[in-house]
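Working through the structure, step by step
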2 protein chains.
Amino acid sequence: MPLLVMKFGGTSVADLSRIENAANKVRKEVERGYDVIVIVSAMSGKTNELVGWVEGTSKLYDAREYDAVVASGENVTAGLMALRLQEMGVPARSWQGWQVPINTTSAHGSARFVSIPRDNIDAKFAEGFKVAVVAGFQGVSAEGRITTLGRGGSDTTAVAFAAAFGAERCDIYTDVDGVYTTDPRITDKARKLDKIAFEEMLELASLGAKVLQTRSVELAMRYKVRLRVLSSFEDTDETSGTLVCDEDEIMESKVVSGVAYSRDEAKMTLIAVADRPGVAAAIFGPLADAGVNVDMIVQNISDHAGKDGGPVTDMTFSCPTNQVARAQKAMEDARAAGLIAYEGHVVDSDVAKVSVVGIGMRSHAGVAATMFKALAAENVNIKVIATSEIKISVLIDRKYMELAVQALHDAFGLDKVS
Amino acid sequence: MPLLVMKFGGTSVADLSRIENAANKVRKEVERGYDVIVIVSAMSGKTNELVGWVEGTSKLYDAREYDAVVASGENVTAGLMALRLQEMGVPARSWQGWQVPINTTSAHGSARFVSIPRDNIDAKFAEGFKVAVVAGFQGVSAEGRITTLGRGGSDTTAVAFAAAFGAERCDIYTDVDGVYTTDPRITDKARKLDKIAFEEMLELASLGAKVLQTRSVELAMRYKVRLRVLSSFEDTDETSGTLVCDEDEIMESKVVSGVAYSRDEAKMTLIAVADRPGVAAAIFGPLADAGVNVDMIVQNISDHAGKDGGPVTDMTFSCPTNQVARAQKAMEDARAAGLIAYEGHVVDSDVAKVSVVGIGMRSHAGVAATMFKALAAENVNIKVIATSEIKISVLIDRKYMELAVQALHDAFGLDKVS
C-alpha cells in the first residue's frame, strides 16, 4: 500500500472545526488508496499556555519536566484527530512518542532522532487501520523520559516518519499556499513556485523564509523525502502547493529561484586587528562561546600598519541585531584578556541582508554582476558581500531593503513562469 | 526511609498558586523525614475542557482515544508539581502512568489495577530523589495504550500506591477538612470525626457522603492502608483531618458514628406479584439489564390472594429517581413477555433515604429501637427499612429528611465527643 505523511501545524488544528477540516483532507487521501501517517502539532495557543505555566512555576526549569508538560499539547490533538477520523468511518489510531516509540537523544528541549522502529505502527496497518495519527514535536529518551525536539519539531517529525516508512511524499499543511519567489508582502509580483530544489529551500529557510524549518529540509534532503508545502485552508489536490524535491526532478530551472531577506541584521567591524596566525579563531571562538550566531564574515587587508608596525587587518562580521551587545562584550573581554588586539570597533545596527538563491547559478556566470548592477541602478550601496555555491548575499542599509528585493525580483525575471 | 502518599484533587491544584500551596505541604513532610509519593488530579476545569473536546468531536467516541486525550490533564499537573518542588529545593520527578508503569486492565474508562511494580520509582528514590509525583486516574494496558480508571480514580491511585509501596499513611487532601458525623449543612451540631473505621467510611461513601470514593475505601480496607482525609486550604499537621483506619485502631467507638442521607431516591412497589420460586430473579434480572441500580428491597406477604387464587406478594424496591422511568418500562416489558405477573405498581418519587452507620452496632442491641423512637417522636413515617451489620437505613418522605437527620444526630449523641 502506498503511504503518505501529512503534517498539520498549530493553526491548522486550532479548534474542533479546523481539526475536522484537516481530517477531511486525510480522508480524501485514504480514499485515493493511501495509508496515511498524520503528524499533528498542539492546537494553537495551547503550547504557549503550557509554557506559561512552566515558566510561572520555575524560572530555571528542569528541561525534563518542561518536556513532560509541553508534549501533552500534541497528545490531545492526536487523540482528537483520531476520533474525528473514526467518526468519518476511517479506521485511525493515535500515537504518542513513547508508544511508537520515537527514540531520541536525551537532550531535552532539543532532542535528536535516534530511531523510529516501524513495527508497532505497521502492525496496526496490518490489522486494517488506515491512519496513524502521531503527536509531533516529541519523542522518548533511552531513560524513558519524554523529550521534545525544539523549534519546528513537528515538521522534522513528519520528515523523519516519511524517511522511516518510505513515504511517497510528505505533505506539510500550513497557513500559506506554497513557497514564493519572494515575500508577497514586499512585492505583489511574487509568484508561487511549483517546485524548488532541497538546496534552494535550505538556503531560503536559513535566510528567514518561515515556511519550513531548516532542520526539516536538511533531513528531507539527506533522505530524499519529497516535501510538499500547501495550504490547510484551501481546497487542495495533487498539484497544489510547492514541491520541495531533488533537483533532478526539476526539468528546467531558472538561474535564480528566489529572493530572500532578513531585517534583523547588524554588522560589526574590528579595526586594525593584529594579523597573526590563529587570529580568526581567537575572534570567533569567544563569539561562539558567548552564543553569538555569526553569519557573514569578511576580512580585508587594512590600508594602514598597526601601532607596533606589524601587519593588521579589518575584520567584519554580521549577526542578529539582538546579539550585538553580547558580541561587543565578548570582543572587549577577549582584548582585555590579551587574546586579541585591535584598535577599535564600529557597529552598524541599521543593516539588512538580501540574498538571491538558485541552483542554476552553478552553471551560469554573471549572476553576481546582474545583482550588483541592479542594486547600483537603484543607488543601493553594498556593505558586505558573501557568496556560496547557490547563493549571493549582500548587507545593505535597512531603509533600502524593500527596494532592493523588488529590483532583484525584476532583474532576474522571477515574476515570469520559466 | 518511611514513605507517605499524598493526594491532591483538582481544586487543590486548580492554578499555579494552589500547586505551590500543595507543594509546600509536600516539602514539610520531606523535612519531617519522609520519602513522598504525590498523586495529582488535573487542574480543575481541565478535565471538563478535554471531555468537551472529545464529545464535540465524536458522539460515540472510542474509549481508547478518550483516555489518551483526557489523561493528559493529570500529566500537566504532575510536571508542574515536580517543577515547583524542585524550585523549593526538593528533588522531585514526575511520573506518567506508562512510566511507572501502572499496569491496568484494558477496560478503557473504567480500568482496574493489575500491578504497580516498584522498581523504577524505587531506583529514583535510591538516586536521591525525595518525591515521585504521579499522574492520578490513569494507567497503561498490556497493549501499551493509555487507560483511565473512571470516577474517583485519583483517590484509588493514591491508595494503590500506598499499598504497593507500604506507605505509613495515605493522605487525601481535599476541599473539606475531614469526615463529619453528618452533613454540616443539615445541622450545625455536625462534628468532625478524628477517626472512623473502614467499614463505616465505606457505608458512608456508598450512602452519598462525597468525601471519598467507595472504590478507594474498599481498596484501603483490603490492603489495610491508613487513609487520612484533610483540607488543602488550611494549615495542617499530623493531627488534622480524619483518619480512616482499621477498627482496632479506634479505642472507644460510639455505637453510631454518623448519619448519612440521600435525597434522590424513588420507591416502586409491585402489587400482588404471583409468588412462585424464582420470582425475585425474574424481577431484578430485567432491572439489572436495564441499568437500574436497585438499592433497598423489601418483600411483604400480601394480605389478599391473587386473581388465580394462588399466593401473591408485594415487592418494593428503591432506586435513584432518574432511573424510575427505566425501571417501570423494564417491569412492564417483563410482564408483557410473561416473565412475571403482578396486578399493578405504585411509584413514589418523593422519598429520601436516611441511614445511621456504626461498627458499634454489632455489639449493641437497641440501635434500631432508638432510631425508630426518635423518628416517631417527630412524627416521621417510615416507608421501608433495610439493615446491614453496621447500618440501618429507612426511606421516608423527602420533606422530613432534614428533620430526621437532626433528630437522629441528637438521639445518638453525635455532637458530643465520646
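Residues numbered from 1 in each chain as written. Chains lettered and ligands numbered in written order. Predicted model: local features only at pLDDT ≥ 70, side-chain atom pairs only at ≥ 80, totals over all residues. Heavy atoms only, no water.

**As for the packing of aromatic side chains**
The criterion, for reference: Think of it this way: a Phe, Tyr or Trp ring, Trp meaning its six-membered ring, pairs with another when their centres are within 6.5 Å, and the plane angle makes it stacked under 30 degrees, edge-to-face over 60, tilted otherwise. Helical segments are the DSSP runs of H or I of at least four residues, strand segments are the runs of E of at least two, and each set is numbered from the N terminus. Only protein chains enter the accessibility calculation, which uses a 1.4 Å probe; a residue is then buried when its area is under 20% of its type maximum, exposed when over 50%, and partly exposed in between. Criterion for a charge above a ring: Arg CZ or Lys NZ at most 6 Å from the ring centre, at most 35 degrees from the ring normal.
Per the stated rule, a full pass over the model turns up nine aromatic pairs over all chains. Relative to A:Y173, the ring of A:F8 has its centre 4.8 Å away and its plane inclined at 15°; by these criteria the two rings are stacked. Of this pair, A:F8 sits in strand β1 (residues 3-8) while A:Y173 sits in strand β9 (residues 169-174), placing them 165 residues apart in sequence. A:F8 sits in the buried class, given a relative accessible area of 1%. For A:Y173, a relative accessible area of 2% translates into the label buried. Sitting over the ring of A:W95, B:R145 keeps its end group 5.4 Å from the ring centre.

**A closer look at the environment of A:L414**
Examined against the element boundaries, A:L414 turns out to sit in the segment after α12 (401-411). Sequence separation between A:L414 and A:A197 is 217 residues; the distance between their C-alpha atoms is 16 Å.

**Some points on empty space enclosed by the protein**
Heads up, the rule is: Site definitions follow a grid-based scheme: protein atoms alone, a 1 Å grid, a 1.4 Å probe that fits but cannot get out for cavities, and for pockets an open set with protein on both sides within 12 Å along at least five of seven lines, plus lining residues having an atom within 4 Å of a point. Grid points are joined across faces, edges and corners, and a volume is the space filled by probe spheres set on the points. Only Asp, Glu, Lys and Arg are considered charged, only Ala, Val, Leu, Ile, Met, Phe, Trp, Tyr, Cys and Pro nonpolar, and every remaining residue, Gly among them, polar.
Scanning the model with the defined rule gives two cavities of 30 Å³ or more in all. One number sums up the size of the largest cavity: a volume of about 160 Å³. When residues of the lining of the largest cavity are traced back to their parent elements, those giving at least two are α2 (46-57) and α4 (72-87) of chain A together with α2 (46-57) and α4 (72-87) of chain B. Residue classes in the lining of the largest cavity are distributed as seven nonpolar, four polar and four charged. Counted as a void, the second largest cavity has a volume near 80 Å³.

**Observations regarding the pattern of salt bridges**
This is how it is decided: Any Lys or Arg side-chain nitrogen found within 4 Å of a carboxyl oxygen on Asp or Glu counts as a salt bridge.
Here the structure, examined in full by the defined rule, presents 55 salt bridges over all chains. Salt-bridge contacts for A:E389 lead to A:R362; the nearest nitrogen and oxygen are separated by 3.8 Å. Note that A:E389 is positioned in the loop between β17 (382-388) and β18 (391-397) and A:R362 in the loop between β16 (344-357) and α11 (367-377), a separation of 27 residues in sequence. Of the charged contacts in the structure, one is a salt bridge between B:K189 and B:D410, with a shortest N-O distance of 3.1 Å. With B:K189 in the loop between β9 (169-174) and β10 (195-197) and B:D410 in helix α12 (residues 401-411), this pair connects stretches of sequence that are 221 residues apart.

**Things to note about the UniProt feature "binding site: substrate" (unreviewed entry) in chain A**
All names here are of chain A. Our working rule: UniProt positions are given in the numbering used here, feature names are shortened, and annotations may be inferred rather than shown by experiment. Whether two residues touch is decided by their heavy atoms; if any such pair falls within 4.5 Å, the residues are in contact.
Under the local residue numbering, the UniProt record ascribes the feature "binding site: substrate" (unreviewed entry) to T47 and E74. These annotated residues cover 28 residues of sequence, and their C-alpha atoms all fall within 8.5 Å of one another, placing them together at a single site. According to the relative accessible area criterion, T47 is partly exposed, its value standing at 23%. Excluding anything up to four places from it in sequence, T47 contacts A42, V70 and E74. By secondary structure assignment, the location of E74 is in helix α4. Here E74 is in contact with V40, S41, A42, T47, A135, G136, F137 and Q138, once residues within four sequence places are set aside.

**Re the side chain of B:S262**
For clarity, the cut-off: Any pair of N or O atoms that falls within 3.5 Å is considered a polar contact. Within protein, one atom must be able to donate a hydrogen and the other to accept it, and sequence-neighbouring residues count only if both atoms are side-chain atoms.
Note on placement: B:S262 falls in strand β13 (residues 258-274). A distance of 2.8 Å separates polar atoms of two side chains, one belonging to B:S262 and the other to B:E265.

**Regarding unusual backbone geometry**
All names here are of chain A. Here the residue pair V100 and P101 is connected by a cis peptide bond, since its omega of -15° sits within 30 degrees of zero. One non-glycine residue, K224, adopts positive backbone phi at about 50°. You can see K224 is positioned in the loop between α8 (214-223) and β11 (227-231). Given a relative accessible area of 55%, K224 falls into the exposed group.

**Looking at the sheet that holds strand β16 (residues 344-357) of chain B**
Residues and elements named next belong to chain B. This is how it is decided: A strand pair is defined by DSSP finding two or more bridges across the two strands. Every angle, taken between N-to-C directions, lies between 0 and 180 degrees, and every axis is a line fitted to C-alpha atoms, over only the stretch in contact when it is a helix.
Read across the open sheet, the six strands follow the order β14-β15-β13-β16-β18-β17; overall the sheet is antiparallel. Unpaired on one side and paired on the other, β14 (297-301) and β17 (382-388) mark the two borders of the sheet. Pairwise comparison of adjacent strand axes, ignoring direction, gives a mean angle of 30° for this sheet. The pairing of β16 with strand β18 (residues 391-397) spans seven bridges and is classified as antiparallel. In the sheet register, K353 faces β18, and the bridge partner there is L395.

**Points about the packing of α11(A) against α12(A)**
Residue and element names in this part refer to chain A. To keep things clear, this is the line we draw: With respect to orientation, any angle under 35 degrees is reported as roughly parallel, any angle over 145 as roughly antiparallel, any angle of 65 to 115 as roughly perpendicular, and every other angle as oblique. Crossings are sorted by hand: turned counterclockwise from the far helix by less than a right angle, the near helix makes the crossing left-handed, and turned clockwise it makes it right-handed.
Running from amino to carboxyl end, α11 crosses α12 at an angle of 130°, the nearest separation of the two axes being 9 Å. Taken together, α11 and α12 sit at an angle that is classed as oblique. Our pair here, α11 against α12, has a crossing hand that is right-handed. Contacts between α11 and α12 pair T370, M371, A374 and L375 from the former with A404, A407, L408 and A411 from the latter. When its residues are assigned to classes, the contact of α11 with α12 shows seven nonpolar, one polar and no charged.

**What to know about the interface of chain A and chain B**
As a measure of interface size, the accessible area lost when the parts come together is often cited. If you look at the interface, chain A gives 38 residues, while chain B gives 38 residues. At the junction of chain A and chain B, the tally comes to six salt bridges. A salt bridge links B:E49 to A:K46, with the nearest nitrogen and oxygen atoms 3.5 Å apart. Taken together, the elements giving at least two residues each to the side of chain A that touches chain B come down to α2, α3 (63-70), α4 and β3 (92-95) of chain A. Take the side of chain A that touches chain B: its biggest share by element is nine residues, from α4(A). Looking at the side of chain A that touches chain B residue by residue, the classes come out as 18 nonpolar, 10 polar and 10 charged.

**Section: a negative patch on the surface**
Residue and element names in this part refer to chain A. Under the convention used in this document: Patch membership needs two things, relative accessible area over 30% and no salt bridge, and members are linked within 9 Å if like-charged or within 5 Å if nonpolar (Val, Leu, Ile, Met, Phe, Trp, Tyr). All accessible areas in this document rest on Shrake-Rupley with a 1.4 Å probe, and a residue is counted as covered only by the protein chains that are shown. A residue counts as positive if it is Lys or Arg and as negative if it is Asp or Glu; His and the chain ends are not included. Charge positions come from single atoms, namely NZ of Lys, CZ of Arg, CG of Asp or CD of Glu.
Taken together, the side chains of E168, E234, D235, D237 and E238 present a region of like negative charge at the surface. Here E168 is to be found in the loop between α6 (153-164) and β9. Overall, E168 belongs to the partly exposed group, its relative accessible area being 37%.

**Overview of the packing of α4(A) against α2(B)**
Remark: α4(A) packs on α2(B), axes separated minimally by 9 Å, with the N-to-C direction vectors making an angle of 20°. The angle between α4(A) and α2(B) falls in the class roughly parallel. The interaxial crossing formed by α4(A) with α2(B) has right-handed handedness. Contact residues: α4(A) offers A:V76, A:L80, A:L83, A:R84 and A:E87, while α2(B) offers B:L50, B:W53, B:V54, B:G56 and B:T57. Its residues assigned to classes, the contact of α4(A) with α2(B) comprises six nonpolar, two polar and two charged.

**A closer look at the side chain of B:T174**
Residue and element names in this part refer to chain B. Mapped onto the secondary structure, T174 falls in strand β9. Take T174: its relative accessible area is 16%, and that puts it in the buried class. At 3.1 Å, the side chain of T174 forms a polar contact with the side chain of D175. What T174 contacts, discounting residues up to four positions off in sequence, is S12, V229, L230, S231, S232 and F233.

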